[in-house]
Amino acid sequence: MHRGKGMKFVGDSRVPDNKKPNIPKDYSEFPGNTEAFWPNFLLKEWLVGAVFLIGFLCLTIAHPAPLERLADPTDSGYIPLPDWYFLFLYQLLKYEYASGQLTVIGAVIIPGLAFGALLLAPWLDTGPERRASKRPIATSLMVLGVLATVYLTWESVESHNWEEAEAQGEMLDEEEMEAAESVDMEAAGYEIYSEQGCIGCHGDQLQGSGAAGPPIFDVPYEPDDVADIAVNGIGEMPAGQFEGSDEDLQTLAEFISSGGNPEEGGGEEEESEE
Amino acid sequence: MLQRVYDWVDDRLDITPMWRDIADHEVPEHVNPAHHFSAFVYCFGGLTFFITVIQILSGMFLTMYYVPDIVNAYESVRYLQGEVAFGVIVRGMHHWGASLVIVMMFLHTLRVFFTGSYKKPRELNWVVGVLIFFVMLGLGFTGYLLPWDMKAYFATVVGLEIAESVPVVGELTKTLLAGDPEIIGAQTLTRFFAIHVFFLPGALLGLLAAHFIMIRKQGISGPL
């Protein structure tokens, strides 16, 4: 490099005015079969990348990204699950000595030690030896950590009820969506439906809310049966849910039995005509 | 023609040294799968970067349709997935890429660890790499909420509960992330969106730059 007096610049800039030829280095004298990155190796990488990208695109077409129904914060029965790469932590917090009052152990101390050690690995393993077999402590700790992570993830996957969770999160199909949309929110029955707390479990459009209550816009019951269920319960639904006058009960029963459209004749009857 | 354009710029900005630093370096035999097939383990870092680029590009396209508020977020994702041409592919790439980038980064970390490449003089690059790992996990966590469907919402509820259980700073962290000590709602979604789209990618790009400058400066670690 040119230094000191006599340096020339491009115009009044600070760019030195001396041209360097742009000829790649000759790697043939380097040890082993060294290859130039540009363009030789990059072209090979490019090909591998293209093949990888095709495989990746096939994956996205074969398995579209999943989407469940709209988030409903009131649905307390939903089984939550984080994305798979957080499952190890999620599972760790289920164990007795890492949860409840001891959550600090599972949430801070164990992950803190593991990730802290990972971050500071160069200063914990300072020996000059690089081969994994020549540094047994570092290697065995890492193997242990990986096995523990894999085991915890596996256990979490095993203990999760995938089918039930899928059913809980399922979107309404189009027919159901239409039925839910068409619920008459102006009807007298809807007011009772909402005042009596039915809305809490069966949703504001009779669409249900996963674990707490099933959709009821298409029930196979006559108004009398609906009235009976509202008072005496059915299946997991407890008795004594309805606390109002008999008149209101009749209006509500007709409202639900008709699929939320008392004036149009209702869902069930419509379907039997079709 | 191209050469003349290059020379014209080079005359003014002296870009040849920069070009040399970026592109003109050797690929030693022990990392080249063309010579030793087992050297494919040295590809995981490059693949991580490749998928990161895919994530950035597909994410940019997703924000063309995504609306970060609790009324429209879910509908906008559903519209993108169901109605927009190739929307299902763009969202699919971002969804699967998020998992794949974690897998590749994990494998890259294991390669660096078991070949002892983090040792002197590469300690700083290892630290930056682990920080990138954390940022990626943060991107995964914040991105998971954005579709605002059932599993997104409840996974975030669980995640924030874990953050809350940390002593001293737990509740502050939760409030900072969720926008409220109690409610996980509208404010949480916009915050997660901001963190996912601006804060963490900014940090990621800075860390990646440091990671690459260091590897260029030091060269890849030698054979065992």
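Residues numbered from 1 in each chain as written. Chains lettered and ligands numbered in written order. Predicted model: local features only at pLDDT ≥ 70, side-chain atom pairs only at ≥ 80, totals over all residues. Heavy atoms only, no water.

1. Quick notes on the interface of chain A and chain B
Inference 1: In this complex, chain A contributes 76 residues to the contact, which on the side of chain B involves 80 residues.
Inference 2: Regarding the contact of chain A and chain B, the summed buried area is about 7,100 Å², with carbon and sulfur atoms giving 69% of it.
Inference 3: Summed over the shared surface of chain A and chain B, the result is one salt bridge.
Inference 4: For K119(B), the salt bridge goes to D125(A), with nearest N and O atoms at 3.1 Å.
Inference 5: Along the contact surface separating chain A from chain B lie 29 residue pairs in polar contact (both at pLDDT 80 or more).
Inference 6: Considering every element that reaches the side of chain A that touches chain B, the biggest residue donor is helix α1 (residues 37-62) of chain A, with twelve residues.
Inference 7: Split into classes, the residues belonging to the side of chain A that touches chain B amount to 50 nonpolar, eleven polar and 15 charged.
Inference 8: As paired elements, strand β1 (residues 35-36) of chain A and strand β1 (residues 26-27) of chain B share two bridges and run antiparallel to each other. Bridged to E35(A) within β1(B) is V27(B). (Contact = heavy atoms within 4.5 Å. Buried area = accessible area lost by both parts, 1.4 Å probe. Salt bridge = Lys/Arg side-chain N within 4 Å of Asp/Glu carboxyl O. Polar contact = N/O pair within 3.5 Å; in protein donor to acceptor, adjacent residues only side chain to side chain. Helix = DSSP H or I, 4+ residues; strand = E, 2+ residues; numbered from the N terminus. Nonpolar A, V, L, I, M, F, W, Y, C, P; charged D, E, K, R; others polar. Pairing = 2+ DSSP bridges.)

2. Here we look at the pattern of salt bridges
Inference 1: Tallied over the entire structure, the rule returns seven salt bridges over all chains.
Inference 2: Several salt bridges share partner residues, and in doing so they unite D125(A), R135(A) and K119(B) into one network.

3. Quick word on the packing of helix α8 (residues 170-178) of chain B against helix α9 (residues 186-218) of chain B
All names here are of chain B.
Inference 1: With their axes 7 Å apart at the nearest point, α8 and α9 run at an angle of 85 degrees to one another. Relative to α9, the element α8 is oriented roughly perpendicular. Each of T175, L176, L177 and A178 in α8 lies in contact with α9, whose residues at this interface are Q187, T188, R191, F192 and I195.
Inference 2: Its residues assigned to classes, the contact of α8 with α9 shows five nonpolar, three polar and one charged. (Axes fitted to C-alpha atoms, helices over the stretch in contact; angles between N-to-C directions. Parallel < 35°, antiparallel > 145°, perpendicular 65-115°, else oblique.)

4. Some points on the nonpolar core
Inference 1: Grouped together as the largest cluster of nonpolar side chains are 43 residues, with contacts concentrated most on Y66(B), I132(B), M136(B), W148(B), Y153(B), L189(B) and L204(B).
Inference 2: No other element matches the nine residues that α9(B) contributes to this core.
Inference 3: In this structure, V183(A), Y190(A), I216(A) and L249(A) belong to the second largest nonpolar core, which totals 20 residues. (Core = buried A, V, L, I, M, F, W, Y, C linked by side-chain atoms within 4.5 Å. Buried < 20%, exposed > 50% of the residue type's maximum accessible area, 1.4 Å probe, protein only.)

5. Comments concerning the packing of aromatic side chains
Inference 1: If you walk through the whole model with that rule in mind, you get 25 aromatic pairs over all chains.
Inference 2: Measuring from ring centre to ring centre gives 5.1 Å for Y85(A) and F86(A), while their planes differ by 55 degrees; the resulting arrangement is tilted.
Inference 3: When the ring of Y190(A) is compared with that of F255(A), the centres are 6.1 Å apart and the planes differ by 70 degrees; the resulting orientation is edge-to-face. Separated by 65 residues along the polypeptide, Y190(A) in helix α8 (residues 188-195) and F255(A) in helix α11 (residues 246-257) bring together distant segments of the chain.
Inference 4: The exposure class assigned to Y190(A) is buried, which follows from its relative accessible area of 10%.
Inference 5: Of note, R135(A) hangs over the ring of F113(B), and the distance from its end group to the ring centre comes to 5.3 Å.
Inference 6: Geometry around W8(B) places R12(B) over its ring, the cationic atom sitting 4.0 Å from the centre. (Phe/Tyr/Trp six-rings, centres within 6.5 Å; stacked < 30°, edge-to-face > 60°. Lys NZ or Arg CZ within 6 Å of the ring centre and 35° of its normal.)

6. Points about the environment of N125(B)
Inference 1: In this structure, N125(B) sits in helix α6 (residues 123-145).
Inference 2: Separated by 92 residues in sequence, N125(B) and K217(B) have C-alpha atoms that sit 11 Å apart.

7. Observations concerning α1(A)
Inference 1: Taking 1.5 Å of rise per residue, the 26 residues of α1(A) would be expected to cover 38 Å, and the 35 Å separating its terminal C-alpha atoms lies within 8% of that figure.
Inference 2: By the largest-angle criterion, L43(A) marks the main kink of α1(A), which is about 25 degrees.
Inference 3: Turning to α1(A), its buried residues are F37(A), F41(A), G49(A), F56(A) and T60(A).
Inference 4: On the buried face of α1(A), the contacting elements are β1 of chain A together with α2 (16-23), β1, α3 (44-62) and α5 (87-114) of chain B. (Expected span 1.5 Å × (residues − 1). Bend = angle between axes of the 7 residues up to and from the residue.)

8. Brief notes about the environment of L252(A)
Residues and elements named next belong to chain A.
Inference 1: Structurally, L252 can be placed in helix α11.
Inference 2: Separated by 75 residues in the primary sequence, L252 and M177 place their C-alpha atoms 21 Å from one another.
Inference 3: Apart from residues no more than four positions distant in its own chain, L252 is found in contact with G189, I192, Y193, C198 and F242.

9. Some details on the UniProt feature "transmembrane region" (unreviewed entry) in chain B
Residues and elements named next belong to chain B.
Inference 1: Residues annotated in UniProt with the feature "transmembrane region" (unreviewed entry) correspond here to residues 39-67, 96-114, 126-146 and 193-215.
Inference 2: The span residues 96-114 carries 100% helix and 0% strand; its end-to-end C-alpha distance comes to 27 Å.
Inference 3: Within the segment residues 193-215, helix and strand shares are 100% and 0% respectively, and the terminal C-alpha atoms sit 32 Å apart. (UniProt positions renumbered as here; feature names shortened; annotations may be inferred.)

10. A word on the packing of helix α10 (residues 223-232) of chain A against α11(A)
Residues and elements named next belong to chain A.
Inference 1: The contact between α10 and α11 brings their axes to 8 Å, and the two run at 115 degrees. Accordingly, the angle class assigned to the pair α10 and α11 is roughly perpendicular. Handedness of the crossing formed by α10 with α11: right-handed. Each of P223, D224, V226, A227, A230 and V231 in α10 lies in contact with α11, whose residues at this interface are L249, Q250, A253, E254, I256 and S257.
Inference 2: Residue classes in the contact of α10 with α11 are distributed as eight nonpolar, two polar and two charged. (Left-handed = near helix turned anticlockwise from the far one by under 90°.)

11. Let's talk about unusual backbone geometry
Inference 1: Of the consecutive residues W38(A) and P39(A), the connecting peptide bond is found in the cis state with omega at -5 degrees.
Inference 2: Across the junction of K120(B) and P121(B), the peptide omega takes the value 10 degrees, indicating a cis bond.
Inference 3: Along the chain, P121(B) turns up in the loop between α5 and α6.
Inference 4: You will see that F86(B), though not glycine, has its phi angle at about 65 degrees, which is positive.
Inference 5: Along the chain, the position of F86(B) falls in the loop between α4 (73-82) and α5.
Inference 6: By relative accessible area, which is 63% here, F86(B) ends up exposed.

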